[in-house]
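A look at the structure
So you can see what is in the structure, the chains are spelled out below.
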Amino acid sequence: MATDDLQLRDASAVLDKAADENFPVAPFFLPRAWRDDLMAVYGYARLVDDIGDGDLAPGGADARHLGLDPAAADDRLAFLDAFEADLHRVFDATPHHPLLRALQPTVRRRGLTPEPFIGLIEANRQDQVVRRYETYEDLAAYCELSANPVGRLVLAITGTATPERIRRSDAVCTALQIVEHLQDVSEDLRRDRVYLPAEDMKRFHVQERDLAAPSAGASVRALVAFEAERARCLLNEGTPLVGSVHGRLKLLLAGFVAGGRATVQSIAAAGYDVLPGPPKPTKPRLLRAAGAVLRGEG
């Protein structure tokens, strides 16, 4: 197989994960240029997370693209360092990784800056050394790196960034990150990570061994309900972002908010028992949530 074909296959393996996200990444109703740019940014963000989580495709192709010995690919910090070096080539040279080469036209066309991209790398560096969060403020600071840059990039790509929209977007993105953490409590624990603030666990008398149970007891359910309500309030805080824009962008942003709301509703419908597996919204629930957001309902 030709080198270009191999690189396209490597990139497609990452981009195909978009279908499994809680929110629409680049839906069909958007202009083609927006879809292409959003998918380029998604490919970047997904790959950074895969590096940080050790979820890269087997075979070592990503390491080779970055000039790393595949045998040393388990050194995630070294991998992230190499990826950041290649990111900088997006702005001043020619990057080596195919997903970063795909990102370069988007960066140039939209005048994007390195900061949000670096934030996503920093979040994954933090994941390698910080595995517990004492306070909600600590967790929110992590979300500032791990989630909020994505919303800011969407606004930049669509040419709609203002300070107020960025503030609302940050609230939505932090909420979506909290919701994802709630869905993935069991999976994260298997990775020796806990994204439930320790102060909240103490408040609800939850210990880590409780999170390893096959199903949640009353204390864990109460804790999850508390965090879900926190996410719901953040989504409500960010919802005016949808009404501040028009046309197809309004539909896209409504999809982000609705994805978060519908997932919170699914967690509630599961009795806040997230331990057997991630509660996921059905398509009808997503559509109802999207309609409510577009109508401006809380």
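Refer to the structure above for everything that follows.
Since the model is a prediction, treat every value here as computed from it, not as a measurement.

Moving on to the side chain of asparagine 124. Within the element layout of this structure, asparagine 124 appears in helix 6 (residues 114–129). Among the polar contacts listed, one links the side chain of asparagine 124 to the backbone oxygen of leucine 120, at a separation of 3.0 Å. What asparagine 124 contacts, discounting residues up to four positions off in sequence, is Val48, Asp49, Gly52 and Leu80.

Tracing the backbone shows threonine 113 in the loop between helix 5 (98–110) and helix 6. Residue class for threonine 113 comes out partly exposed when judged on its relative accessible area of 39%. Side chain to side chain, threonine 113 and glutamate 115 meet in a polar contact 2.8 Å long.

The next thing to look at is the environment of lysine 283. Summarising the element assignment, lysine 283 is placed in helix 16 (residues 283–294). For lysine 283 and leucine 241, which are 42 residues apart along the polypeptide, the C-alpha to C-alpha distance reads 23 Å.

Core analysis: the biggest nonpolar cluster contains 71 residues, and Tyr44, Phe83, Leu103, Phe117, Leu196, Leu211 and Leu253 have the highest contact counts within it. By residue number, the principal contributor to this core is helix 15 (residues 247–269), which donates 10 residues. Beyond its immediate sequence surroundings of up to four residues, leucine 103 is in contact with Ala40, Val41, Tyr44 and Phe117.

Further remarks concern the pattern of salt bridges. If you walk through the whole model with that rule in mind, you get 25 salt bridges. When the shortest N-O distance is used, the salt bridge between glutamate 164 and arginine 167 registers 3.0 Å. Here the residue glutamate 164 and the residue arginine 167 both occupy positions in helix 9 (residues 163–183), the gap between them amounting to three residues, near one helical turn. The partly exposed category is assigned to glutamate 164, whose relative accessible area is 38%. Overlapping salt bridges bring together Asp81, Glu84, Glu122 and Arg125 as one network.

Turning to unusual backbone geometry, a few remarks are in order. Of note in this structure, aspartate 192 is not a glycine but carries a positive phi near 60°. Given the relative accessible area of 39%, aspartate 192 is considered partly exposed. One non-glycine residue, histidine 205, lies in the positive phi region at around 60°. Structurally, histidine 205 is set in the loop between helix 11 (198–203) and helix 12 (208–211). Looking at histidine 205, the relative accessible area reads 66%, which means it is exposed.

With 21 residues, helix 13 (residues 218–238) should reach 30 Å at 1.5 Å per residue; the first-to-last C-alpha distance of 30 Å fits that figure. For helix 13, the complete set of buried residues consists of Val220, Leu223, Val224, Glu227, Ala228, Arg230, Ala231, Leu234, Leu235 and Gly238. Buried residues of helix 13, seen end-on, are gathered within an arc of 150° and therefore sit on one face of the element. For helix 13, the elements touching its buried residues are helix 7 (136–146), helix 9, helix 11, helix 12, helix 14 (240–243) and helix 15.

Relative orientation and spacing of two packed helices are given, respectively, by the angle between their axes and the distance between those axes. Put simply, helix 2 (residues 32–53) and helix 5 touch, their axes get as near as 9 Å, and they point 130° apart. Regarding the angle of helix 2 to helix 5, the classification is oblique. Here helix 2 runs over helix 5; the crossing is left-handed. Residues Ala33, Trp34, Asp36, Asp37, Ala40, Val41, Gly43, Tyr44 and Leu47 of helix 2 form the contact with helix 5, whose own contacting residues are Leu99, Leu100, Ala102, Leu103, Thr106, Arg109 and Arg110. Partitioned by chemical class, the residues of the contact of helix 2 with helix 5 number 10 nonpolar, two polar and four charged.

Here is what the cut-offs are and how they apply
Residues numbered from 1 in each chain as written. Predicted model: local features only at pLDDT ≥ 70, side-chain atom pairs only at ≥ 80, totals over all residues. Heavy atoms only, no water. Helix = DSSP H or I, 4+ residues; strand = E, 2+ residues; numbered from the N terminus. Polar contact = N/O pair within 3.5 Å; in protein donor to acceptor, adjacent residues only side chain to side chain. Contact = heavy atoms within 4.5 Å. Buried < 20%, exposed > 50% of the residue type's maximum accessible area, 1.4 Å probe, protein only. Core = buried A, V, L, I, M, F, W, Y, C linked by side-chain atoms within 4.5 Å. Salt bridge = Lys/Arg side-chain N within 4 Å of Asp/Glu carboxyl O. Expected span 1.5 Å × (residues − 1). Arc of directions from axis to C-beta. Axes fitted to C-alpha atoms, helices over the stretch in contact; angles between N-to-C directions. Parallel < 35°, antiparallel > 145°, perpendicular 65-115°, else oblique. Left-handed = near helix turned anticlockwise from the far one by under 90°. Nonpolar A, V, L, I, M, F, W, Y, C, P; charged D, E, K, R; others polar.

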